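One-letter residues, chain by chain:
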Amino acid sequence: MAFISSGYNPSKPMEDRITDIGPRSFEDFYPPVIKKNKGKWDYHEILKPGILVHVSETGDKVFTVRCGTARLMTVSLIREACDIADKYCGGHLRFTTRNNIEFMVDNEKTLNEMVADLSGRKFAGGSFKFPIGGTGAGISNIVHTQGWVHCHTPATDASGPVKAVMDEMFEYFQSMSLPAMVRISLACCLNMCGAVHCSDIGIVGIHRKPPIVETEILDNICEIPLAVAACPTGAIKPSKLEVEGKKVNSVVVNPERCMYCGNCYTMCPAMPLASGQGDGIVLMVGGKVSNRISMPKFSKVVVAYIPNEPPRWPTLTKTIKHIVEVYAKNAKKYERLGEWAERIGWEKFFEVCGLEFSHHCIDDFRDPAYYTWRQSTQFKFTSHVE
Amino acid sequence: MAKHKTPMLDQLESGPWPSFVSDIKQEADKRAKNPAGLDFQIPQDCPDDLLGVLELAYKDKETHWKHGGIVGVFGYGGGVIGRYCDQPEKFPGVAHFHTVRVNQPAGKYYKTDYLRGVMDIWDLRGSGLTNMHGSTGDIVLLGTTTPQLEEIFHELTHTLNTDLGGSGSNLRTPADCLGKSRCEFACYDTQALCHTLTNDYQDELHRPAFPYKFKFKFDGCPNGCVAAIARSDFSVIGTWKDDIRIDQDRVKAYVAGEFKPNAGAHAGRDWGKFDIVAEVVDRCPTKCMSYAGGKLSIDNSNCTRCMHCLNVMPAALKVGLETGATILCGAKAPILDGAQMGSMLVPFIPVEEPYDEIKEVIENIWDWWMEEGKNRERLGETMKRMGFQKLLEVTNIKAVPQHVKEPRSNPYIFFKEDEVPGGWKHDEKGYRERHMR
């Protein structure tokens, strides 16, 4: 391998340097029909699952085909998407907030040809490369994080559970038979990169063991006051400990006050807490970000622990599928998962979904916990009350 | 021929959803064959080694990526994240495997020549693996080595006329919904605002000077497709002040079944004939609508612009003409203080170039937060600690009932000294003249 220079000269780093130019302008990339009709859109319809038409005041139409992706994509797959865009869309494509690819055309003939082409593209292993769906009252692509593929703090994998869940929910990606949209998101640790905390179904990786304290090296690689200050529950205290007869500066962790958030590890690499035995998943339900009908809501914990079961996470997928099916059967048209749970009451939600309620589902973290306890005689008797 | 056996990952190749394992295997094969004859600048077999280390993580149920590592390009404090494998001898191809964040264009529209340009750089100088896109919005290029970082930056700026995104305690790459480009609901040009503020605040984006990360997100309407209200310190959400425009002929057309309700979003199940009273009027959260004699009426002064009626009948109902945005502040995910939703700060602000009014709000907030915010404290946490009144004070915004869901239910009120006649001083002598000790 010979080093190929781009023209950068390390001995004169400022020579010819371009900085702070920001991203390319969105106007460089608009398909012509979008550029012409920006701000003039009259209405839209979903023609079939994954296929939208937007109609302009000018009479122009743009047909959009939405395709799911694994988000973790190789250059070859993106080039294949570019080939499709070159063939049918004049070299234009876009990505959605939920990591779908959208291909846009301005006539139905090209639309039909493109749909047939996309539907036939598969990987050697048999899965679709560009499955069409993700619109309306169904399940769109799962927004997720990096997991074991590339992250240093995860408590679970991301790409694997997402593949397993989406395989199981695929019929809802390609149909619109639910009472409302169901948005699933996954965060592989409590940092929650992405809006997992406000999703209809949130899959969140958690640790369950307090951090290891690597006393022999801690003072060399950590700022102890920062590690102490990083703990939201005050579980970490500075301490002088003895290693091989020598006094060293370190910390001690009070395990009963630790809720395994990993914030100390972020500040101090000598406090790792990942554990094949302890780690797993919390399932959260009923959040949303839309202001439609009811206010935006946080997701709530309905299953406090599901073990990591690579490669296909069967307990997780089974539980999610069951919740979605019970919701589909019982909720009213337009009712989001959380709105349905609030209407029937959460005690009823646990009953009709057949989910075990444990003390872990009661909030005990700071002030907000108090506002979630029931301060009323108004409740429903369910099988939980003997 | 695969370099490592991956019996667990192989099970993720079946099923209909796109398999990342199949995709990476395909890439590994292509790099091994190297049909383009590239002189790869990082190990040729890194996709193989990535699958190998991931299989090990599946076996151990633990990640094999090390904590952090400070790398970057000259003059920037953000945009590159160091990443090293903790089993470098077994997987040398991914021993050094840094992430590069590239600032995405607003609305994530692309021309293929640009995208191919990014892919060419990443084929030659990176692993060939990407996230399209990261949760914050950037194009995320996964896996390269330190000597390639300046080369990649040079190519991005010189060849593709584009820049890195943010990481660390700075302004993170702003993100928006596609707005007016393809949506009839957009109340302002989200792309123009996102692009302008991204460019105006390049210094804040690339040189960490904040207590912690700070996120802008721009939603064109209260439907919130980019989730601004839940995950950005500063959310600009489109809204309108005047009346919803009604096309009564099209209302009749919906009732007659000529348009599909909710744009066809419920077509997968037989929900019965569209019932405008049950599905629109009765579901209005403020009950400000009525339907009589084939005519739909809205008492706009009681409307809270929840979007439901517009979503159900997008062809018949339109957002008002006096459009702008509502600004909410302080949203974030759980750590440290628990999840926080954005709190409404500015009920209505016009969104017009050069956006000076919006910038004034932003800069007032930053001045305060940079002064008062603790290390690793998000704006929402500073707001909680210092109180919403303090935020109003530093932004010169007058308190209005719209700022709260309900007024306080405790009378533990802090008054300022100048709000009380005579200040906080007592007439001690006079007091004792009136009261015996």
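Residues numbered from 1 in each chain as written. Chains lettered and ligands numbered in written order. Predicted model: local features only at pLDDT ≥ 70, side-chain atom pairs only at ≥ 80, totals over all residues. Heavy atoms only, no water.

A. Focus on the overall build of chain B. When its secondary structure is counted, chain B shows 15 helices and 14 strands. When its C-alpha atoms are laid out on the principal axes, chain B stretches across 90 × 75 × 45 Å. For chain B, with 437 residues in total, the buried portion stands at 60%. If you take every contact in chain B between residues at least 6 apart in sequence, the share linking residues at least 24 apart comes to 64%. In the form shown here, chain B has an accessible surface area of approximately 18,100 Å², with 52% of it arising from carbon and sulfur atoms. Across chain B, the 53 positively charged side chains and the 61 negatively charged ones have centroids separated by 5 Å. (Helix = DSSP H or I, 4+ residues; strand = E, 2+ residues; numbered from the N terminus. Buried < 20%, exposed > 50% of the residue type's maximum accessible area, 1.4 Å probe, protein only. Contact = heavy atoms within 4.5 Å. Areas by Shrake-Rupley, 256 points an atom, 1.4 Å probe, with all protein chains shown as cover. Lys, Arg positive; Asp, Glu negative; His and termini not counted. Charge placed at Lys NZ, Arg CZ, Asp CG, Glu CD.)

B. Structural view of the overall build of chain A. When helices and strands are counted, chain A shows twelve helices and 13 strands. Of the contacts formed within chain A by residues at least 6 apart in sequence, a portion of 64% connects residues at least 24 apart. Element-wise, carbon and sulfur atoms account for 53% of the exposed surface of chain A, whose accessible area totals about 15,800 Å².

C. Representation of the layout of surface pockets. Approximately 1,500 Å³ is the volume attributed to the second largest pocket. Forming the boundary of the second largest pocket are 49 residues, of which His152 of chain A together with Ile81, Ser167, Gly168 and Arg172 of chain B lie nearest the centre. Listed by contribution, the elements that provide at least two residues to the lining of the second largest pocket are helix 8 (263-267) of chain A together with strand 1 (80-81) and strand 2 (99-102) of chain B. Counting residues per element, the lining of the second largest pocket draws most heavily on helix 8 of chain A, at three residues. (1 Å grid on protein atoms, 1.4 Å probe; cavity = no way out; pocket = protein on both sides within 12 Å on 5 of 7 lines; lining within 4 Å. Points joined across faces, edges and corners; volume = space filled by probe spheres on them.)

D. A look at helix 13 (residues 379-386) of chain B. Residue and element names in this part refer to chain B. Looking only at helix 13, the buried set comprises Leu379, Gly380, Glu381, Thr382 and Met383. As for helix 13, its buried residues are in contact with strand 13 (323-329), strand 14 (343-349), helix 12 (356-372) and helix 14 (388-395). Immediately downstream of helix 13, the backbone of Gly387 shows phi near 100°, a positive value.

E. Molecular detail of empty space enclosed by the protein. Within the structure shown, the criterion is met by eight cavities of 30 Å³ or more. Approximately 190 Å³ is the volume found for the second largest cavity. Along the wall of the second largest cavity there are 17 residues; nearest its centre are Asn191 and Met192 of chain A together with Lys213, Ala333 and Arg378 of chain B. Class assignment of the residues belonging to the lining of the second largest cavity gives a composition of six nonpolar, five polar and six charged. (Nonpolar A, V, L, I, M, F, W, Y, C, P; charged D, E, K, R; others polar.)

F. Summary view of the nonpolar core. Counting 127 residues, the largest nonpolar core has Phe103 of chain A together with Phe214, Phe216, Phe234 and Met313 of chain B as its most contacted members. Residue contributions to this core peak at eight residues, all from helix 2 (residues 75-88) of chain A. Not counting residues up to four positions away in its chain, the partners in contact with Phe216 of chain B are Leu171, Pro174, Ala175, Leu197, Tyr201, Ser232, Phe234, Ile362 and Trp366 of chain B. (Core = buried A, V, L, I, M, F, W, Y, C linked by side-chain atoms within 4.5 Å.)

G. View of the sheet that holds strand 9 (residues 201-206) of chain A. Residues and elements named next belong to chain A. Strand order in the open sheet formed by five strands is 7-8-9-12-13, and the pairing between neighbours is mixed. In the strand order of this sheet, the two ends are held by strand 7 (143-144) and strand 13 (300-307), each with one partner. Here strand 7 runs beside strand 8 (residues 184-187); their pairing, made up of two bridges, is parallel. For His144, the partnering residue across the bridge sits in strand 8 and is Leu186. Running over the sheet, helix 4 (residues 159-168) touches strand 7, strand 8 and strand 9 and is turned about 160° from strand 8. (Pairing = 2+ DSSP bridges. Axes fitted to C-alpha atoms, helices over the stretch in contact; angles between N-to-C directions.)

H. Structural detail: the interface of chain B and chain A. Counting residues at the interface gives 144 residues for chain B, matched by 139 residues for chain A. The junction of chain B with chain A conceals about 12,700 Å² of combined surface from both sides, 58% of it contributed by carbon and sulfur atoms. Considering only the surface of chain B that becomes buried against chain A, Trp17, His67 and Arg182 of chain B emerge as the three largest contributors, covering 8% of it. Counting every contact that joins chain B to chain A gives twelve salt bridges. The partner of Asp337 of chain B in a salt bridge is Arg366 of chain A, and the shortest N-O contact between them spans 2.1 Å. Joining chain B to chain A, the criterion identifies 81 residue pairs in polar contact (both at pLDDT 80 or more). It is helix 4 (residues 112-125) of chain B that provides the largest number of residues to the side of chain B that touches chain A, a total of ten residues. By residue class, the composition of the side of chain B that touches chain A is 61 nonpolar, 47 polar and 36 charged. Pairing between strand 5 (residues 92-95) of chain A and strand 3 (residues 109-111) of chain B: three bridges, direction antiparallel. By the bridge assignment for strand 3 of chain B, His92 of chain A is matched with Lys111 of chain B. (Buried area = accessible area lost by both parts, 1.4 Å probe. Salt bridge = Lys/Arg side-chain N within 4 Å of Asp/Glu carboxyl O. Polar contact = N/O pair within 3.5 Å; in protein donor to acceptor, adjacent residues only side chain to side chain.)

I. Broad picture of the pattern of salt bridges. Applying the stated rule across the entire model yields 49 salt bridges over all chains. A salt bridge links Glu335 of chain A to Arg343 of chain A; its shortest N-O distance comes to 2.6 Å. Of the charged contacts, one joins Lys332 of chain B and Glu381 of chain B as a salt bridge, the two residues approaching to 3.1 Å between their closest N and O atoms. Within this pair, whereas Lys332 of chain B is found in the loop between strand 13 and strand 14, its partner Glu381 of chain B is found in helix 13, the two being separated by 49 residues in sequence. Glu381 of chain B matches Lys332 of chain B in its accessibility class, with the two residues each being buried. Salt bridges sharing partners connect three or more residues here, namely Arg79 of chain A together with Glu27, Lys30, Asp120 and Asp123 of chain B.

J. Representation of a nonpolar patch on the surface in the model. Where nonpolar side chains cluster on the molecular surface, the patch consists of Phe357, Ile362, Tyr370, Tyr371 and Trp373 of chain A and spans about 580 Å² of accessible area. By the element assignment, Ile362 of chain A lies in the loop between helix 11 (346-353) and helix 12 (366-370). (Patch = residues over 30% accessible without salt bridge, like charges linked within 9 Å, V, L, I, M, F, W, Y side chains within 5 Å.)

K. Local environment of the pairing of strand 4 (residues 129-132) of chain B. Neither face of strand 4 of chain B is left uncovered, since the one carrying Leu129 and Asn131 of chain B and the one carrying Thr130 and Met132 of chain B both have all their residues buried. The pairing of strand 4 (residues 72-74) of chain A with strand 4 of chain B spans three bridges and is antiparallel. Note on strand 4 of chain B: the bridge partner recorded for Thr74 of chain A is Leu129 of chain B. Bridging between strand 4 of chain B and strand 5 (residues 139-142) of chain B involves four bridges; their strand directions are antiparallel.

All we've got here are geometric facts, nothing functional implied.
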